[in-house]
Structures are given as structure tokens and as C-alpha cells.
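Structural overview for review
One letter stands for each residue in the lines below.
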Amino acid sequence: DTEVTQTPKHLVMGMTNKKSLKCEQHMGHRAMYWYKQKAKKPPELMFVYSYEKLSINESVPSRFSPECPNSSLLNLHLHALQPEDSALYLCASSQPRNSGANVLTFGAGSRLTVL
Amino acid sequence: GENVEQHPSTLSVQEGDSAVIKCTYSDSASNYFPWYKQELGKGPQLIIDIRSNVGEKKDQRIAVTLNKTAKHFSLHITETQPEDSAVYFCAARRIQGAQKLVFGQGTRLTINP
């Protein structure tokens with residue numbers, strides 16, 4: 001079983017809906033990540049939080065809004081998405097990015113479908 | 001920035017045979033090279049990694065080799081089993097400076113019984 005838990009596993013939403021993806025880890029990791037993965041493609045980095053502060057935003061559209069309420073939780077708020085945003089959204093965690101090899105532990109992902 | 005090329009994109013082997021997946025990277029300063037396995041319906045899971053001060057690393061049936069001069073690294077799986085069927089991603093990054101992990105395009109490995 002993965003030590004990074006993501007909910008929901010599946011989400012279907014319309015373009016006018018507001019929804020959120022949630023991620024939780026209890027490994028004491030202080031860096032958390034959101035990745036987007038399209039079918040048959042590698043994960044693409046979206047956001048990185050280090051010590052609960054946003055450290056990297058890979059030029060992601062504002063319809064995706066991350067939030068890190070504490071060191072164990074990471075949310076991704078979704079609003080006014082487009083059908084092309086349909087993908088598997090992966091959460092990952094690690095020790096802080098400047099503390100060594102920075103091994104990522106991924107969750108199982110939330111599969112998002114935008115109608 | 002770093003660019004990682006991975007080959008082949010698909011690989012089919014008979015159960016019990018060996019499988020080899022190869023990756024090349026462009027940034028000579030990259031010094032950390034993990035391999036991830038992604039099974040259907042799951043997130044990627046780290047299976048082995050290597051740092052640039054080591055040429056080879058083994059873990060049971062899995063091994064990774066690194067050639068820094070040629071800037072390529074390879075995953076070797078021996079005595080393949082049906083549960084090895086998955087998509088495998090190589091990746092590279094610099095440990096220093098908090099550079100992001102750059103993934104290869106992935107290899108879909110199928111083990112035929």
C-alpha cells in the first residue's frame with residue numbers, strides 16, 4: 001500500500017464546477033508535489049511545496065489552485081477546467097528538495113474527467 | 001535544461017528472459033538517476049536508483065548501470081516474471097540546487113507467459 005493517500009480516486013466534473021483533490025502523507029516529508037499525467041506519457045510537474053510554502057509553479061493555469069494547509073496535507077482546487085485537463089493527477093512527497101537525493105513517493109492518483 | 005531519452009517505448013519478452021531499457025541524458029551535471037515502475041491504476045513507484053559516483057547497483061533481479069562519459073544509464077531485469085509487466089520510467093536530476101526530476105517517455109514492458 002502506498003503511504004501517500006489521494007482522494008477521490010475518480011472525479012467527473014463539468015466545466016463550470018468547482019472541485020478539489022486531496023492528498024495526505026504521514027511520512028514526515030516536508031516537500032509535496034502535484035503532477036499531471038496524460039495517457040502513455042510521463043508525469044509532468046505542476047507545483048512543489050517545501051515546508052508548506054509554494055516553491056515551484058510550472059506555469060500552470062490559474063484554474064488550478066494548490067493549497068498546503070499543513071505539512072501532511074496538500075489540496076488542488078479545480079475551477080472552470082477544460083476537457084483537455086482530463087488526466088491522472090498524482091501527488092508525491094519527499095524530504096525537502098535540497099536535502100539529498102530527494103526520493104519521491106507517489107500516491108495512486110486521482111483520475112479526473114472534465115465533460 | 002535536462003532532456004532524457006528512453007528506449008524502447010515498448011518491449012515484449014518471454015517469461016524467464018532478461019529485459020533491458022536504456023536512457024540517455026543531456027545535462028552532464030545530473031548526478032541522480034532513479035527508475036520508477038507504474039502498474040495499471042497505480043502511481044509510479046521507485047524500484048532502484050543510482051548516483052553518479054557509482055557505476056552499477058543491484059537489488060535482487062534488478063540492476064542499473066551508469067556510463068557518465070556516454071551519459072547513459074540502463075535498467076536490467078533478469079528472470080522476468082509476469083508481475084514485472086508495467087510501464088517503466090527513467091529519470092535524471094542534479095541533487096544540488098533542487099533541480100526538478102526529468103522523466104523519460106516510458107517503456108511499456110510486457111512479460112509473455
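1. Structural notes on the nonpolar core
- Membership of the largest hydrophobic core comes to 24 residues, with the highest contact counts inside it found for Trp-35, Phe-73, Leu-75 and Leu-109 of chain B.
- Among the elements of the structure, β2 (10-14), β3 (19-25), β4 (32-38), β5 (45-51), β7 (62-67), β8 (72-77), β9 (86-92) and β11 (107-112) of chain B are those that each provide at least two residues to this core.
- Look past the residues within four positions of Phe-73 of chain B in its chain and what remains in contact with it is Ile-21, Lys-22, Cys-23, Tyr-25, Phe-33, Trp-35, Thr-65, Leu-66, Cys-90 and Ala-91 of chain B.
- Counting residues in hydrophobic clusters, the runner-up holds 22 residues, among them Val-4, Leu-11, Cys-23 and Val-60 of chain A.

2. Section: the pattern of salt bridges
All names here are of chain A.
- Scanning all chains against the criterion turns up seven salt bridges over all chains.
- Among the salt bridges present, the one from Arg-30 reaches Glu-52, with a minimum N-O distance of 2.9 Å. Taken as a pair, Arg-30 in the loop between β3 (18-25) and β4 (31-37) and Glu-52 in the loop between β5 (44-50) and β6 (53-57) lie far apart in primary sequence, 22 residues in all.
- Its relative accessible area of 29% is what places Glu-52 among the partly exposed residues.

3. Focus: unusual backbone geometry
- Across the junction of Thr-7 of chain A and Pro-8 of chain A, the peptide omega takes the value -10 degrees, indicating a cis bond.
- Along the chain, His-7 of chain B connects to Pro-8 of chain B via a cis peptide bond; the corresponding omega equals -5 degrees.
- The residue Pro-8 of chain B is located in the loop between β1 (4-7) and β2 in this model.
- Phi is positive for Tyr-51 of chain A, close to 50 degrees, though the residue is something other than glycine.
- Within the secondary structure layout, Tyr-51 of chain A lies in the loop between β5 and β6.
- Judged by its relative accessible area of 45%, Tyr-51 of chain A is partly exposed.
- Even without being a glycine, Glu-79 of chain B presents a positive backbone phi close to 45 degrees.
- Tracing the sequence through the fold places Glu-79 of chain B in the loop between β8 and β9.

4. Some words on the packing of aromatic side chains
- Taken as a whole, this structure holds 11 aromatic pairs over all chains when the rule is applied.
- With 4.7 Å between their ring centres and 45 degrees between their planes, Tyr-25 of chain B and Phe-33 of chain B make a pair best called tilted. In this pair, the class of Tyr-25 of chain B matches that of Phe-33 of chain B, namely buried.
- By way of ring pairs, the aromatic residues Tyr-33, Tyr-35 and Phe-106 of chain A together with Tyr-36, Phe-89 and Phe-103 of chain B are connected into one cluster.

5. Notes on the sheet that holds β3 of chain A
Residue and element names in this part refer to chain A.
- Read from one edge to the other, the open sheet built from four strands follows the order β1-β3-β8-β7, with strand pairing classed as antiparallel. Only two strands of the sheet have a single neighbouring strand rather than two, namely β1 (4-7) and β7 (64-70). Recorded for the sheet is a direction-independent mean angle of 20 degrees between the axes of neighbouring strands.
- As paired elements, β1 and β3 share four bridges and run antiparallel to each other. Bridging from a neighbouring strand, Thr-7 pairs with Lys-22 of β3.

6. Remarks on the interface of chain B and chain A
- Residue-level contacts link 21 residues of chain B with 20 residues of chain A.
- Taken over both partners, the interface formed by chain B and chain A buries close to 1,600 Å², and the fraction arising from carbon and sulfur atoms is 55%.
- Put simply, chain B and chain A have one salt bridge between them.
- The shortest N-O distance in the salt bridge between Glu-58 of chain A and Lys-100 of chain B comes to 3.0 Å.
- For the side of chain B that touches chain A, the secondary structure elements donating two or more residues are β4 and β5 of chain B.
- In terms of residue count, β5 of chain B provides more of the side of chain B that touches chain A than any other element does, four residues in total.
- In terms of residue class, the side of chain B that touches chain A is made up of nine nonpolar, seven polar and five charged.

Each value, and the rule that gives it
Residues numbered from 1 in each chain as written. Chains lettered and ligands numbered in written order. Predicted model: local features only at pLDDT ≥ 70, side-chain atom pairs only at ≥ 80, totals over all residues. Heavy atoms only, no water. Core = buried A, V, L, I, M, F, W, Y, C linked by side-chain atoms within 4.5 Å. Buried < 20%, exposed > 50% of the residue type's maximum accessible area, 1.4 Å probe, protein only. Helix = DSSP H or I, 4+ residues; strand = E, 2+ residues; numbered from the N terminus. Contact = heavy atoms within 4.5 Å. Salt bridge = Lys/Arg side-chain N within 4 Å of Asp/Glu carboxyl O. Phe/Tyr/Trp six-rings, centres within 6.5 Å; stacked < 30°, edge-to-face > 60°. Pairing = 2+ DSSP bridges. Axes fitted to C-alpha atoms, helices over the stretch in contact; angles between N-to-C directions. Buried area = accessible area lost by both parts, 1.4 Å probe. Nonpolar A, V, L, I, M, F, W, Y, C, P; charged D, E, K, R; others polar.

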